[in-house]
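Residue-level listing of the chains:
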Amino acid sequence: MREKRTSKPRRKSGRRHPLATVALIAIGLAVTGGAYAAINSSTATADTRPVASQSTIEQGEKLFQANCATCHGMGAAGTSAGPSLVGVGAASVDFQVGTGRMPLAQTGPQAEQKPVQFTDDQVKALADYVASLGPGPSIPADHLTNGGGNAANGAELFRINCAMCHNVAGAGGALTEGKFAPALTDVSGVHIYEAMVSGPQSMPVFNDLNISPEDKRDIITYLKYVQDNRSPGGFELGSLGPVAEGLFIWIFGLGSIVALTIWITAKSN
Amino acid sequence: MSTVTTQQPAKKGGFTAAASNYIDERTSISTAVKELGRKIFPDHWSFLLGEVALYSFVVILLTGSFLTFFFHAAMTPVVYDGSYVPLKGVEMSAAMNSTLNISFDIRGGLLMRQVHHWAALLFVASIGLHMLRIFFTGAFRKPRELNWVIGFVLFILAMGEGFTGYSLPDDLLSGNGLRIIDGMVKGIPLVGTWISFLLFGGEFPGEQIVGRLYTLHILLLPAIIVALIALHLLFIVIHKHTQFPGPGRTNGNAVGYPVLPVYAAKAGGFFFIVFGVITLIASLFTINPIWNYGPYDPSPVSAGTQPDWYIGFADGALRLIPPGLEFVWLDRTWSFNILIPLVALGLFIAVVMLYPFVEAWVTGDKREHHLLDRPRNAPTRTAIGAAGVTFYAGLWAAASSDIIATHFMLTMEGVIHTLQFVVIVGPFIAYFVTKRVCLALQKKDRELVLHGYESGRIVKLPGGEFIEVHEPLDEYERWRLVSFTDYKPLMIRPNANGKITVAQRVRASLSRWFFEDRIAPVTKTELEAAHGHGHHEVDMGEVEEITVGEMNVHRETVGR
């Protein structure tokens with residue numbers, strides 16, 4: 001929900017941006033060179049790059065110094081409290097800040113999601129600034145994240161690569177030492193893609209050789225399918241599997257049955 | 001049908017009378033109906049739990065028959081081409097394919113699947129609760145020990161039915177469950193690998209297991225269960241139903257409603273209520289969404305992979321066993337991280353099954369018991385039960401350790417270590433706490449009987465003293481509180497040869513453990529003395545001192 005809200009206005013502001021025409025041409029070029037784009041993802045995801053200008057980078061730098069430099073250091077070179085961000089790319093910043101994980105509220109087993117602290121423009125500016133420090137994965141193009149791929153292929157890839165932590169239905173799961181894989185039930189396609197290329201927290205990086213951009217799109221398609229289509233069997237009980245089912249039958253199933261037995265035997269007295 | 005027709009009075013004449021006469025002359029069914037129709041069933045809500053299990057089983061049979069029409073128990077690879085989009089074009093076994101077709105392409109199939117699965121969960125859960133009721137009220141005592149064993153075997157078979165059914169769809173979840181079973185079997189020294197290969201027809205997963213489990217699931221296990229249920233019910237008819245102590249209820253009678261017409265009507269109605277509740281749950285709540293899990297593939301495992309609840313305790317045992325217990329000896333791997341849970345669970349199960357015989361031996365009681373114990377009146381048994389429940393609950397909770405960790409924001413290690421403590425130390429704590437609570441409740445009962453209940457009426461005596469008036473209990477209530485069996489520790493006696501055997505010593509020490517701390521029921525003399533004493537004028541504590549000191553000669557100790 002939160003991600004949807006934040007991602008939509010960003011696209012809107014993108015269209016209204018003074019340099020939107022340039023971006024549009026860039027997208028047009030990227031789509032026309034389809035075959036090339038399919039192989040080289042950096043071109044495919046480069047559509048937002050031209051939007052980055054010196055002014056947004058400067059704005060991002062100011063925001064960075066005010067909000068992030070305490071831990072990540074001036075110039076994002078890293079300190080003992082936080083890693084260097086040179087080369088993490090715009091995708092990582094957009095994910096960490098855009099989902100509210102950064103700036104970190106407190107140290108703990110892992111950065112928790114919280115309300116997003118910046119506007120979409122500010123997130124964009126921060127991403128541009130960090131991207132300007134060194135090359136890294138950029139924010140993915142819309143056609144990779146809008147869920148227009150093959151859900152069956154995505155489901156299979158998701159089961160093989162993701163389900164051991166995130167659960168087959170994306171309900172999330174536990175990791176060691178208090179860490180956990182979050183539920184994917186309300187994460188936007190852009191953020192899912194960015195998480196795969198940047199590997200936040202305990203998550204491994206799934207680079208383009210590992211899972212191709214099209215396969216990533218398929219995975220997002222599957223997750224969107226699960227998000228948009230309620231279970232055909234009724235309420236999902238959190239999609240947690242047999243634990244939730246067992247708890248339900250003991251508390252509500254057997255509970256109501258016991259209440260009924262009491263009712264039946266009480267009537268006769 | 002015939003029962004109804006034979007019940008019709010013959011005075012109407014005509015077809016009904018003629019038909020019933022025709023049937024009776026050829027089957028002598030009226031004798032059976034007369035006998036059964038007069039069976040008395042005492043009324044208490046907890047006596048219906050076994051019925052819930054029976055009715056869930058009937059629901060399972062009905063829906064299961066429907067499912068067999070469409071389920072294809074084979075592991076032949078096919079490509080899915082049904083309605084569920086995220087699995088279109090995926091290769092899977094025929095079993096998975098047909099289960100998906102039942103779910104999405106056969107009218108009413110998904111509801112039937114869900115009713116079947118929810119009913120299965122309720123079946124085992126109601127058996128569990130039924131067993132707890134039997135245990136804590138002492139209904140397993142002579143002459144019902146064998147019926148306890150039959151019921152226990154039914155419980156194990158129900159778990160077997162559940163597990164084989166869970167494994168049939170050949171989805172990712174069930175395949176992972178089978179892999180764990182395979183691992184446990186292979187963990188058995190020497191024979192493990194052979195058994196595993198025998199079971200799966202070669203290396204896991206093979207192409208045999210679904211067909212084999214299907215035979216077990218729909219033929220062998222249900223046949224044995226039906227036969228044992230019949231035996232179980234036959235024993236209830238032979239033994240007559242137990243009842244709670246109460247006015248007019250003795251060891252020699254059964255107070256309640258006859259089967260015909262009241263009880264049959266109630267029980268028949270209750271069947272439809274249970275069926276209705278299960279159907280309601282099944283129509284509103286998803287169970288085992290195999291379409292999420294996808295076809296079985298040995299490489300992926302989903303987070304939150306658990307067995308159905310009744311196998312949870314075994315899964316939990318595997319999760320709780322500490323690492324590093326595996327070593328190579330005599331050129332073989334000894335997986336004590338598998339063997340210890342297996343043996344511990346085996347022992348636990350054996351103790352549960354044999355408990356009635358153990359208790360009978362310890363008490364040396366050869367009498368028949370048709371009156372139930374209130375749990376507090378058998379403190380040691382209740383405490384043992386509570387310890388067992390704690391042990392089981394700890395293992396059971398451990399099966400969901402990852403879900404507990406994520407949903408309560410805890411570390412998985414913390415959850416595991418806490419549950420290890422619960423499983424090992426928890427039963428002892430539960431034992432002592434429960435025993436003390438039982439004894440305290442018995443003490444309270446004693447005081448109620450001897451001194452009545454606090455009426456809330458404050459009276460000023462001529463001397464200026466204020467007291468609260470205690471009202472005596474009515475006879476019915478008092479009867480409920482005083483009528484229970486009182487056991488004393490057995491004395492060690494030499495046998496015919498003048499020797500005290502080891503068995504005797506063990507028995508005596510066990511008996512001491514059982515009955516050392518006890519509160520004797522109020523005797524008639526005590527009661528008369530208490531009432532003659534003018535108990536409701538004086539403060540409770542003072543009265544207690546006097547009566548206990550004077551009368552309670554054989555009341556040994558209460559521990560404190």
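Residues numbered from 1 in each chain as written. Chains lettered and ligands numbered in written order. Predicted model: local features only at pLDDT ≥ 70, side-chain atom pairs only at ≥ 80, totals over all residues. Heavy atoms only, no water.

## Examining the pattern of salt bridges
All names here are of chain B. Defined as follows: Any Lys or Arg side-chain nitrogen found within 4 Å of a carboxyl oxygen on Asp or Glu counts as a salt bridge. A run of H or I in DSSP counts as a helix once it spans at least four residues, and a run of E counts as a strand once it spans at least two, with each numbered from the N terminus. Only protein chains enter the area calculation, which uses a 1.4 Å probe; residues under 20% of their type maximum are buried, those over 50% are exposed, and those in between are partly exposed.
If you walk through the whole model with that rule in mind, you get 21 salt bridges over all chains. Residues Asp315 and Arg319 are paired through a salt bridge, measuring 3.2 Å at the closest nitrogen-oxygen approach. Here Arg319 and Asp315 lie together in helix H13 (residues 312–320), a separation of four residues that amounts to about one turn. Salt-bridge contacts for Asp402 lead to Arg319; the nearest nitrogen and oxygen are separated by 3.2 Å. With Asp402 in helix H16 (residues 401–407) and Arg319 in helix H13, the pair connects residues that are 83 residues apart, well separated along the chain. The class for Arg319 is partly exposed, based on a relative accessible area of 24%.

## A look at the side chain of Ser98 of chain B
Residue and element names in this part refer to chain B. Rule in force here: N or O atoms closer than or at 3.5 Å make up a polar contact, with two conditions inside protein: a donor-capable atom paired with an acceptor-capable one, and, for residues adjacent in sequence, both atoms drawn from side chains. Contacts are residue-level and defined by heavy atoms, with any inter-residue pair within 4.5 Å sufficient.
Residue position: Ser98 is located in helix H5 (residues 94–104). According to the relative accessible area criterion, Ser98 is buried, its value standing at 7%. Within the local environment of Ser98, its side chain forms a polar contact with the backbone nitrogen of His72, the two atoms lying 3.0 Å apart. If near-sequence neighbours (up to four positions away) are discounted, Ser98 is found in contact with Phe70, Phe71 and His72.

## A word on the UniProt feature "binding site: heme c 1" (unreviewed entry) in chain A
Residues and elements named next belong to chain A. This is how it is decided: UniProt positions are given in the numbering used here, feature names are shortened, and annotations may be inferred rather than shown by experiment.
When the UniProt feature table is mapped onto this chain, "binding site: heme c 1" (unreviewed entry) is found at Cys68, Cys71 and His72. Within the secondary structure, Cys68 sits in the loop between helix H5 (54–67) and helix H6 (69–72). By relative accessible area, which is 14% here, Cys68 ends up buried. If we skip the residues at most four places from it in the chain, Cys68 touches Leu63, Gly73 and Leu126. Its place among the elements puts His72 in helix H6. In this structure His72 touches Phe64, Ala77, Gly78, Thr79, Gly82, Pro83, Leu85 and Met102, once residues within four positions along its chain are discounted.

## Observations concerning the UniProt feature "domain: Cytochrome b/b6 N-terminal region profile" (unreviewed entry) in chain B
UniProt's entry tags residues 19–245 of chain B with the feature "domain: Cytochrome b/b6 N-terminal region profile" (unreviewed entry), counted in the numbering of this structure. The distance from the first to the last C-alpha atom of residues 19–245 of chain B is 44 Å, and the span holds 69% helix and 4% strand.

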